[in-house]
Amino acid sequence: IALTPVESGILNHSQVSTATHGSIALTPVESGILNHSQVSTATHGSIALTPVESGILNHSQIHQLWCWLPQRFSLYEPRVIFSSSEDGYHLRNLYQKCGDNQPIVLVIKTRNDEIFGAFITESLDYTADKNKSRSYFGTGEMFLFTLTPGPVKYAWVGTTGSGDLSPSQSMFISADYNSLVIGGGDGDGIFLDQEMNRGHTKRCRTFNNAPLCSSGDFYCVSVEVIGLQHDED
């Protein structure tokens, strides 16, 4: 969706910034993945997003990310529920802060300024369901993405309707205190170690993605989780 300028007799050019999705104007989005100068507008569906405190995404990246989300989540409000810079670099902390929030967006920034992540439809509070720690779980609405060096979305291979799927093409997410894996089957789409220091990304059969960073192996600078919550939550 292209961003369209707003002609105004009150606002000067530096003050005006609009983006549209459908037929309405958008309100500014604060981001903790976004720095203050990078903050702009983003919307999805029929409502504007409320401010999001973040530290990794710029104006166009957050707009792109929200355009990728399933339409039914347009009525949900985003907020950062985990930030490694504030909550610590350990998966245990991430799981505890995320609790039973779902859906969520995981965003990773590497030492090489690469930004990528995953849209996750299931809660990461695997301790509430011990079976989750022993197997893959998740749904076909999940996807992997890169935002830097360029925006690419990798949807579940089952959305292409290309026939019967093998079990290795539905390995969405596996979580325990030792590692977090998103996307499986002949490789890990995203792998994070327990201290969220090092990880790797490879092509996996579930999302048929290219590696999400140039080298495949990466060191984390920042990890954040954005939760999407309904007004009634």
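Residues numbered from 1 in each chain as written. Predicted model: local features only at pLDDT ≥ 70, side-chain atom pairs only at ≥ 80, totals over all residues. Heavy atoms only, no water.

**Some words on the overall build of the protein chain**
Just so we agree on the cut-off: Comment: elements are numbered from the N terminus, with helices defined as DSSP H or I runs of at least four residues and strands as E runs of at least two. Accessible area is worked out with a 1.4 Å probe on protein chains only. A residue is then buried under 20% of its type maximum, exposed over 50%, and partly exposed in between. Working rule for contacts: check all heavy atoms of both residues, and any pair within 4.5 Å makes them a contact. For the area figures, the Shrake-Rupley method with a 1.4 Å probe applies, and any residue is considered shielded solely by the protein chains shown.
Along the protein chain, the regular secondary structure elements total three helices and 14 strands. Taken across its 233 residues, the protein chain has 49% of its residues classed as buried. In the protein chain, 54% of the contacts between residues at least 6 apart in sequence involve partners at least 24 apart. If you sum the accessible surface of the protein chain, you get close to 10,800 Å²; carbon and sulfur atoms cover 47% of it.

**Side note on the side chain of Ser-83**
Mapped onto the fold, Ser-83 is located in strand β5 (residues 76-83). Excluding residues that lie within four positions of it along the chain, Ser-83 makes contacts with Gly-88, Val-223 and Glu-224.

**What to know about the pairing of strand β12 (residues 190-193)**
Note on strand geometry: in a regular strand, side chains alternate between the two faces of the sheet. We apply this condition: Two strands make a pair as long as DSSP finds a minimum of two bridges between them.
Looking at chain direction, strand β11 (residues 179-182) and β12 are connected through four bridges and run antiparallel. Within the sheet, the bridge partner assigned to Ser-179 lies in β12 and is Asp-193. Direction of pairing for β12 relative to strand β13 (residues 198-200): antiparallel, over a ladder of two bridges. Bridging from a neighbouring strand, Leu-192 pairs with Gly-199 of β13.

**Here's the deal with the environment of Pro-167**
Along the polypeptide, Pro-167 turns up in the loop between β9 (152-155) and β10 (173-175). Sequence separation between Pro-167 and Gly-184 is 17 residues; the distance between their C-alpha atoms is 9.9 Å.

**Brief notes about the packing of aromatic side chains**
Under the convention used in this document: Pairing of aromatic side chains requires ring centres within 6.5 Å, counting the rings of Phe and Tyr and the six-membered ring of Trp. Pairs whose planes differ by under 30 degrees are stacked, by over 60 edge-to-face, and all others tilted. Remark: a charge is flagged as sitting over a ring if the NZ atom of Lys or the CZ atom of Arg is within 6 Å of the ring centre and within 35 degrees of the ring normal.
Evaluation of the coordinates by the stated rule reveals 10 aromatic pairs. Between the aromatic rings of Phe-116 and Phe-218, the centroid separation amounts to 5.1 Å while the plane-to-plane angle is 75°, which identifies the pairing as edge-to-face. Taken together, the residues span a long stretch of sequence, with Phe-116 in strand β7 (residues 115-120) and Phe-218 in strand β14 (residues 217-230) at a distance of 102 residues. Neither Phe-116 nor Phe-218 differs from the other in exposure class; each is buried. Taken together, Trp-68, Phe-73, Tyr-76, Phe-119, Phe-143 and Phe-145 form an aromatic cluster joined through their ring pairs. Note that Arg-92 overlies the ring of Tyr-177, its terminal NZ or CZ placed 3.9 Å from the centroid. The aromatic ring of Phe-143 is capped on one face by Lys-153, whose charged end is 4.7 Å from the ring centroid.

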